[in-house]
Amino acid sequence: MRNRKFKIPAIPPTTNKSIRFPNDVISGVEQAIEGKECTFTAFVVEAVRVALSDLEEAGEENLK
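Reading guide: rules and limits
Residues numbered from 1 in each chain as written. Predicted model: local features only at pLDDT ≥ 70, side-chain atom pairs only at ≥ 80, totals over all residues. Heavy atoms only, no water. Helix = DSSP H or I, 4+ residues; strand = E, 2+ residues; numbered from the N terminus. Buried < 20%, exposed > 50% of the residue type's maximum accessible area, 1.4 Å probe, protein only. Areas by Shrake-Rupley, 256 points an atom, 1.4 Å probe, with all protein chains shown as cover. Lys, Arg positive; Asp, Glu negative; His and termini not counted. Charge placed at Lys NZ, Arg CZ, Asp CG, Glu CD. Patch = residues over 30% accessible without salt bridge, like charges linked within 9 Å, V, L, I, M, F, W, Y side chains within 5 Å. Salt bridge = Lys/Arg side-chain N within 4 Å of Asp/Glu carboxyl O. Phe/Tyr/Trp six-rings, centres within 6.5 Å; stacked < 30°, edge-to-face > 60°.

Undergrad: Please clarify how the overall build of the protein chain should be interpreted in this entry.
TA: When helices and strands are tallied, the protein chain shows two helices and zero strands. Seen through its C-alpha atoms, the protein chain measures out along the principal axes to roughly 45 × 40 × 25 Å. Counting across all 64 residues of the protein chain, residues that qualify as buried make up 5%. Carbon and sulfur atoms make up 55% of the accessible area of the protein chain, which totals about 6,800 Å². Charged side chains in the protein chain number 9 positive and 10 negative. The centres of these two groups are separated by 13 Å.

Undergrad: For this particular structure, what's the right way to read a nonpolar patch on the surface?
TA: A cluster of nonpolar side chains, contributed by V48, L52 and L55, occupies part of the molecular surface with about 300 Å² of accessible area. Within the secondary structure, L55 sits in helix α2 (residues 40-63).

Undergrad: Quick question: what am I supposed to make of the packing of aromatic side chains here?
TA: Tallied over the entire structure, the rule returns one aromatic pair. Between F21 and F40, the ring centres sit 5.3 Å apart and the planes meet at 85°, which makes this aromatic pair edge-to-face. You can see F21 sitting in the segment before α1 (23-33) and its partner F40 sitting in helix α2, a full 19 residues away along the chain.

Undergrad: Looking at this structure, how should I read the environment of I19?
TA: Positionally, I19 belongs in the segment before α1. It is 21 Å that separates the C-alpha atoms of I19 and S53, two residues lying 34 residues apart in sequence.

Dropping the structure here:
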């Protein structure tokens, strides 16, 4: 039996941004998410989060 309790997930506040992607990038993302439970937006948001984390880590390394 599980002891976990259900919690209603919090959806973070969002802001609509309109950006242009090169067609090859759109095709690449669409191929990557095909058949998966992932939206284009969710993929791009996660990719940006990873990129920001990488930049932050690189910045910390440059400070040493």
